[in-house]
Amino acid sequence: MLHGEDSCTAVEDGGEEDQHRPLILERIEKETGRTWRTVLSQRLRKHCSCTPEKAKSRILSFFPVLQWLPRYKLRDWILGDVMSGVIVGILLVPQSIAYSLLANQDPIYGLYTSFFASIIYALLGTSRHISVGIFGVLCLLIGQVVDRELALAGYLPESSLSGNDSSVPLAGNDSGVVGCDRSCYAIAVGATVTFTAGIYQVLMGLLQVGFVSVYLSDSLLSGFATGASLTILTSQIKYLLGLKIPRPQGWFTLFKTWYGLLSNLGNTNVCDLITSLVCLAVLIPTKELNDRFKSKLKAPIPFELFVVIIATLASHFGHFNTEYGSGVAGAIPTGFLPPQMPMWSLIPNVAVDAFSIAIVGFAITISLSEMFAKKHGYTVDANQEMYAIGFCNILPSFFHCFTTSAALTKTLVKESTGCQTQLSGLISALLLLLVLLVIAPLFYSLQKCVLAAIIVVNLRGALRKFTDIPCMWRANRIDAFIWLITMATSALVNTEMGLLVGVLVSAFCVLGRTQRVQVLKLGRAMTREHYEDLASYKGLQTHPNVAIFRYEAPIYYANQSLFKKSLYRCVGLDPVKEKSRRVKFQNSKLQEEAAGVPTTSRYLRRIVIDCSAVLFLDTAGVNALKEVRKDYGELGVAVELAQCKTSVLDTLERGGYYCNQKGGDAGENRTIFFTIEDAVRHVESRSTPNGDYKS
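Fair warning: this is a prediction, and the values are worked out from it, not measured in the lab. (Residues numbered from 1 in each chain as written. Predicted model: local features only at pLDDT ≥ 70, side-chain atom pairs only at ≥ 80, totals over all residues. Heavy atoms only, no water.)

Q: Would you take a moment to explain the overall build of the protein chain for this structure?
A: Helix and strand content of the protein chain: 27 helices and nine strands. Looking at the protein chain as a whole, 49% of its 695 residues qualify as buried. Relative to all contacts within the protein chain whose residues are 6 or more apart in sequence, the contacts with residues 24 or more apart total 79%. Surface exposure of the protein chain reaches about 34400 Å², of which carbon and sulfur atoms provide 62%. (Helix = DSSP H or I, 4+ residues; strand = E, 2+ residues; numbered from the N terminus. Buried < 20%, exposed > 50% of the residue type's maximum accessible area, 1.4 Å probe, protein only. Contact = heavy atoms within 4.5 Å. Areas by Shrake-Rupley, 256 points an atom, 1.4 Å probe, with all protein chains shown as cover.)

If you want it as structure tokens, here you go:
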């Protein structure tokens, strides 16, 4: 290989002889002599030095509100931000109360969560459009942890409580908090999980690992959300029917829940059932109307809020709780409770759960952020998003809140109603503050079955993914397979396990694609110096005495043996078996004619391997290429590499691929071919080496 100082030159085509010379490029030598101490010192000076300009830049990047607020276009943006903030705030009221039920928390804590998350993300977030607050999948995960820890602490299940009394003492267990009733301990667990998840997210931001979101593919996240939606739907049926059964724990909760439902079907509360059917009959068609005419409506009609108000009035004046035993939201206090520290002793118990919650929350948030940023022509910072969503969990956890992330439904509403900046989030927070200070107690008589109906109706989008399975299968079977496996595991086995299985299946599918790649035999186009697969295109020509192949995958430890097998099969000559055959024939003094081997006038001189699609090599890959060259070389068939990427050339150099072999030509071993045509012309111009394999 030819090396130069700092220039890139090409040998000009001068004459007939020069036209057959291979293209020669001189490499720019990389800077050498830098020790790890020098590199570390330079990076420390870069990242740890503090100047007024750098301090200002860091503060502005950590608080994006300081960048966009001074440039706020009041006349152009204020109307859209106010309208979207008010509409989203109206939607947040019933949804915050409803999803508190899913997280096994009192309604007031859902309102707290949406209030604080809206404010903090407006200050720290880089997306202009996403709505951060309560998200159904995270509420499900929080609720599962809360139920488990309540049982471990000795609190009676909710179904065993009489009326609305949740002041149940600990059942001889010291793991709870003395003087803390079931509701108090439930939010303590939820806040501790939220605090731990937020710490994980901030640490990932500090370590600059925002890129991890790329490993959670769209098919994986969609399958996980759909599987979790099935679990959410199943968990809400007991409220629709007015049944008081405990939420099952562990694996296969879907089957356990359905068993409990069917076993207690005779205990259905008729009042709750009728209310649920009426709410579903109203919400489903009205939601469809909102979706169908969203392009014509300036803002979606808040039918959920209307249903909540009407149902609350009907329950209050109809005495549904006292007369028919219907479960209601209960007392919702006004104002804010005093701050409370997380339960430090619980962190070891919930650390693993919090990690999966942190990953899901961030992945959903960054996916929606990037989607809307791309749509509206701006960029978001993945690591800053990690900080933002982390502090949306850490800070509110001291104020009786649970985990939050971006929510697709509310984000779509926010964008469609004219949102321009996160000022709309502050408007929504003001509306929630009004509810918290004045209106919240009025929801005392709101039936839980109404909240469950709101949750179920909002699952329509995720459940519609089942109708897309045929399209997904036709578009990409591997992505469809990942979706199905993740969905099935999340729904049927365990929600957290579904996420883990989805990640593992995705990784194995990527590895599997490198395992399935086959070596392709190439032919030359008749009118151009272009080579393509002979099995895919017609009219391609082959070169006499030269076989050209391409491998469209990296060559590394997991597929290097498959690469060699595929190459040997495509060449039609396994050098290892051929050498064994020759040794056996020599020992038995037999001639090839006696063995019945057909002979032709064609000789295989050289093999050219097109490496343009080989993204990288590892040590095993370099050794595999060495073995291929050595084994074929012993049969008199030379192997040349063409169109190698720079990184591949460096790996070959470090791996000793270009070291002189015994009896080899040093110059030839170090020749680099930047085109297939150069390699072919080069090998055709050389004399036939001794011992050519007669094919």
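Q: Teacher, can you tell me more about the nonpolar core here?
A: General note: in soluble globular proteins, nonpolar side chains tend to be found buried as a group. Membership of the largest hydrophobic core comes to 111 residues, with the highest contact counts inside it found for L111, Y185, V193, F402, F443 and L446. A per-element tally of this core places helix α13 (residues 347-376) first, with 13 residues. Residue contacts for F443: discarding those within four places in its chain leaves V93, I97, V308, T312, A329, G330, I332 and V435. Core analysis: the next-biggest nonpolar cluster, separate from the first, contains 32 residues, V517, V571, V639 and I672 among them. (Core = buried A, V, L, I, M, F, W, Y, C linked by side-chain atoms within 4.5 Å.)

Q: Would you mind going over the packing of aromatic side chains with me for this structure?
A: The geometry of an aromatic ring pair is captured by two quantities: the separation of the ring centres and the angle between the planes. With the rule as written, the count across this model stands at 22 aromatic pairs. Note on W251 and F252: the rings are 6.5 Å apart at their centroids and 75 degrees apart in plane angle, and the pair reads as edge-to-face. Here W251 falls in the partly exposed class, since its relative accessible area comes to 44%. By relative accessible area, F252 is classed as partly exposed at 41%. Ring centres of F320 and Y324 lie 6.0 Å apart, and the angle between their planes is 65 degrees; on these two criteria the pair is classed as edge-to-face. With F320 and Y324 both in helix α12 (residues 320-324) and four residues apart, this pair spans about one turn of that helix. An aromatic cluster is built from Y109, Y112, F115, F116, F336 and F399, whose rings are joined through pairwise contacts. The lysine or arginine in question, R128, covers the ring of Y378, its NZ or CZ lying 4.2 Å from the ring centre. (Phe/Tyr/Trp six-rings, centres within 6.5 Å; stacked < 30°, edge-to-face > 60°. Lys NZ or Arg CZ within 6 Å of the ring centre and 35° of its normal.)

Q: Looking at this structure, how should I read the sheet that holds strand β5 (residues 546-550)?
A: Hydrogen bonds between backbone atoms are what pair the strands of a sheet, whose relative direction is either parallel or antiparallel. Strand order across the open sheet formed by five strands is β4-β3-β5-β7-β8, with mixed pairing between neighbours. Of all the strands in the sheet, the pair left with one neighbour each is β4 (531-533) and β8 (638-642). Strand-to-strand twist in this sheet, taken as the mean axis angle between neighbours without regard to direction, amounts to 35 degrees. Note that strand β3 (residues 520-524) and β5 share two bridges and pair antiparallel. Within β5, the residue paired with K521 across the bridge is F549. (Pairing = 2+ DSSP bridges. Axes fitted to C-alpha atoms, helices over the stretch in contact; angles between N-to-C directions.)

Q: When you look at unusual backbone geometry in this model, what are you seeing that I'm missing?
A: Comment: phi is negative for the bulk of residues other than glycine, and the bulk of peptide bonds are trans. For F252, which is not glycine, the phi torsion reads 60 degrees and is therefore positive. Among the structural elements, F252 can be located in the loop between α8 (218-241) and α9 (253-263).

Q: Would you explain the side chain of Q422 in this entry?
A: Tracing the chain through its elements places Q422 in the loop between α15 (408-416) and α16 (423-439). A distance of 3.0 Å separates a polar side-chain atom of Q422 from the backbone oxygen of I130. Polar side-chain contacts of Q422 include one of 3.1 Å to the side chain of K414. Not counting residues up to four positions away in its chain, the partners in contact with Q422 are W68, Y121, A122, S127, R128, H129, I130 and K414. (Polar contact = N/O pair within 3.5 Å; in protein donor to acceptor, adjacent residues only side chain to side chain.)

Q: I keep staring at the pairing of β8 and nothing clicks. Help me out?
A: Extensive coverage of β8 is indicated by the burial of four of its five residues. In terms of strand pairing, strand β7 (residues 606-610) meets β8 through five bridges, oriented parallel. Among the inter-strand pairings, V608 is bridged to a residue of β8, identified as E640. Traced from β7 through helix α24 (residues 619-633) to β8, the parallel crossover comes out right-handed. (Right-handed = clockwise from strand over helix to strand, strands pointing away.)

Q: Can you help me understand the side chain of T411 in this one?
A: Looking at the secondary structure, you find T411 in helix α15. The contact partners of T411, leaving out residues within four places of it in the chain, are H129, I130, S131, L368 and F372.

Just distances and angles here, no functional claims.
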